[in-house]
Amino acid sequence: MSNIEVKQIIEPIPASDGAGVKLKRSIGVEPNYFDPFLMLDEFGSENSEDYIAGFPPHPHRGIETVTYMLAGDFEHKDSTGGEGRMTAGDVQWMKTGSGIIHSEMPAMKEGKLHGFQLWINMPAKLKMSKPEYIYIDADKMSVHKDNDKKVKVIAGKFEKAEGPVKGHNVEPVYFDVELNKDKNFNYLLPSTHNSFIYLIDGEIKQFRRLWRVDIKRMRTRERQSITQDNVRLKRIKDRAKGVRFALGYSLLGFRKRKEMEQTLRNLELAAAAINKE
C-alpha cells in the first residue's frame, strides 16, 4: 500500500452552456480528458439571470451524463418519454447510448441554484445501446455518518453505505463528503482507476500540501502505472472549520485521445444540426 500523489491541480474557467447558463468548467477545458471523464461543470448562482434560460432541447450520444443537485429545482424531459423534477440532493444518471434529445430547465424563478454535471465516455460496444434514464431520489441514497464525517454515496460503497448505481461497466464511485474540522478521510483507491477530488467548500491537506478553495479548484490524479496492482491510500485532512468535497473515480477504459475527442465532436455536430432546424 502506498500514497497517491496529486498529478495536477486545475482552476475551473468561467463558461456558459445551454441558453447562456453561467458555470465553471474543469475537466474538458484544455482539453484535459481523464479517461473515462470527458467534462465536469459546476453551475450555481443566486442570481436568476445566470440560470433562468436553462438548457433547452439538445442532443447527447455515446456518453453518460450525471447531474447532481445541491440546491434548487430542475425539470428534465427527453425524447424517450422520460421526465422528472430534480430537487436538492437528487441525481439524474442518463445513459445516452445511440442518442437522445433532452432538456433541463429551472423549475424556479428566483433563489439559489447549485449543482454539478459530469460526463462519462461510454465504451464503443455500448455507444449504440438503448438510452436509459435513471432518477435517484435523495431519500433513497445511502449515507455514512460518524463523528468525523458524513459521506453520501451516489455510486460505489463506503463502509456499509452502498450507492444505488450498480453493475456499471466502469465501476464508478461518486461520493459527496462533508468532513469535520481537523479530521481525516481515508479511502482505498485501486490503481486501475482514474480519480478526482472537487473541493466544494473549505480547504484540505493531502500529506504536506494544503489546498484552499479561494477559487474552487479541481484535484485530479491520472494513473501512474497500469502494471501496479497494489491498493493505494488516499488521505485527506481538513484544516479549516470543515470541508466539503466530491470524490469520483472510475475504471480506466484505455481509450485513445482521438476517440474521446471524436465523441465530443459528434455531440457538437448533432447540436449544430438541431440549431439549424
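Note that the coordinates shown come from a computational prediction; the quantities given were computed from them, not determined experimentally.

Enquirer: Outline the overall build of the protein, supporting the account with residue identities and numerical values.
Expert: Summing up its helical and strand segments, the protein has one helix and 25 strands in all. The 277 residues of the protein split such that 50% are buried. A total of about 13,500 Å² of accessible surface is found on the protein, and carbon and sulfur atoms cover 46% of it.

Enquirer: Which residues make up the packing of aromatic side chains, and what values do they have?
Expert: Any pair of aromatic rings gets described here by the distance separating the centres and the angle formed by the planes. Evaluation of the coordinates by the stated rule reveals 10 aromatic pairs. With centroids separated by 5.5 Å and ring planes inclined at 15°, the aromatic side chains of Phe158 and Phe185 adopt a geometry described as stacked. Remark: Phe185 occurs in strand β19 (residues 184–189) and Phe158 occurs in strand β16 (residues 157–158); sequence separation between them is 27 residues. A residue is classified by how much of its surface remains accessible, and Phe185, at 1% relative accessible area, is buried. Put simply, the rings of Phe158, Phe175, Phe185 and Tyr187 pair up and form one aromatic cluster.

Enquirer: Help me get a handle on the pairing of strand β18 (residues 173–180), residues and values and all.
Expert: Along any regular strand, the residues point their side chains to alternate faces of the sheet. A large share of β18 lies buried, amounting to six of its eight residues. In this structure, strand β15 (residues 149–155) lies alongside β18, joined through six bridges in antiparallel fashion. Within β18, the residue paired with Lys150 across the bridge is Glu178.

Enquirer: Mind laying out the sheet that holds strand β11 (residues 100–106), listing which residues take part and the relevant values?
Expert: Strands sit in the order β6-β11-β8-β9 across an open sheet of four strands; the sheet is antiparallel. Two strands bound the open sheet, and with one partner strand each, they are β6 (55–60) and β9 (83–86). For this sheet, the mean inter-axis angle between neighbouring strands, taken without regard to orientation, is 20°. Direction of pairing for strand β8 (residues 74–78) relative to β11: antiparallel, over a ladder of five bridges. What sits directly across from Asp78, in β11, is His102.

Enquirer: How would you sum up the side chain of His102? Please name residues and give values.
Expert: When you line up the elements, His102 lands in strand β11. A distance of 3.4 Å separates polar atoms of two side chains, one belonging to His102 and the other to His60. Only 3.3 Å separates the side chain of His102 from the side chain of His76, close enough to count as a polar contact. Once you skip the residues sitting within four places of it in the chain, His102 turns out to touch Pro56, Pro57, His58, His60, His76, Lys77, Asp78, Gln92 and Met94.

Enquirer: Kindly report on unusual backbone geometry, identifying the contributing residues and their values.
Expert: Phi angles above zero are rare outside glycine, and Glu159 is one such case at about 55°. Turning to its location among the elements, Glu159 is positioned in the loop between β16 and β17 (161–162).

Enquirer: Explain the nonpolar core to me, using residue names and the numbers behind them.
Expert: Residues Phe37, Val66, Val91, Trp93, Leu118, Ile154 and Tyr174 are the most contacted members of the largest nonpolar core, which totals 23 residues. Dropping the residues within four chain positions of it, Val91 is found in contact with Val66, Thr67, Tyr68, Met86, Ile134, Tyr135, Ile136, Met141 and Ile154. Residues Ala161, Leu179, Leu189 and Leu199 belong to the second largest nonpolar core, which totals 15 residues.

Enquirer: How would you sum up the pattern of salt bridges? Please name residues and give values.
Expert: Scanning the model with the defined rule gives seven salt bridges in all. Between Lys22 and Asp50 there is a salt bridge whose closest N-O contact spans 3.4 Å. In this pair, Lys22 is assigned in strand β4 (residues 21–25) and Asp50 in the loop between β5 (37–45) and β6, connecting sequence segments 28 residues apart. The class for Asp50 is buried, based on a relative accessible area of 15%.

Enquirer: Give a detailed account of the pairing of strand β10 (residues 91–95), specifying residues and quantitative values.
Expert: Counting buried positions over the five residues of β10 gives five, a clear majority of the element. Side-chain alternation along β10 places Val91, Trp93 and Lys95 on one buried face and Gln92 and Met94 on a second face that is also buried. Bridge count between strand β7 (residues 63–71) and β10: five bridges; the pairing is antiparallel. Bridging across to β10, Val66 finds its partner in Trp93. Here β10 pairs with strand β13 (residues 132–136) via five bridges, running antiparallel. For Gln92, the partnering residue across the bridge sits in β13 and is Tyr135.

Enquirer: Just give me the short version of the sheet that holds strand β3 (residues 13–17), but keep the residues and values in it.
Expert: What holds strands together in a sheet is hydrogen bonding between their backbones, with the strands either parallel or antiparallel. Spatial strand order, β3-β4-β5-β12-β7-β10-β13: seven strands in an open sheet with antiparallel pairing. The sheet is open, and its two borders are formed by β3 and β13, each paired with just one other strand. Taken pair by pair, the neighbouring strands of this sheet meet at an average axis angle of 25°, ignoring direction. Summarising the sheet, β7 and strand β12 (residues 113–121) pair through eight bridges and their orientation is antiparallel. Each bridged residue has a counterpart across the sheet, and for Val66 the counterpart in β12 is Leu118.

Cut-offs applied
- Residues numbered from 1 in each chain as written.
- Predicted model: local features only at pLDDT ≥ 70, side-chain atom pairs only at ≥ 80, totals over all residues.
- Heavy atoms only, no water.
- Helix = DSSP H or I, 4+ residues; strand = E, 2+ residues; numbered from the N terminus.
- Buried < 20%, exposed > 50% of the residue type's maximum accessible area, 1.4 Å probe, protein only.
- Areas by Shrake-Rupley, 256 points an atom, 1.4 Å probe, with all protein chains shown as cover.
- Phe/Tyr/Trp six-rings, centres within 6.5 Å; stacked < 30°, edge-to-face > 60°.
- Pairing = 2+ DSSP bridges.
- Axes fitted to C-alpha atoms, helices over the stretch in contact; angles between N-to-C directions.
- Polar contact = N/O pair within 3.5 Å; in protein donor to acceptor, adjacent residues only side chain to side chain.
- Contact = heavy atoms within 4.5 Å.
- Core = buried A, V, L, I, M, F, W, Y, C linked by side-chain atoms within 4.5 Å.
- Salt bridge = Lys/Arg side-chain N within 4 Å of Asp/Glu carboxyl O.

Nothing here speaks to function; it is all geometry.
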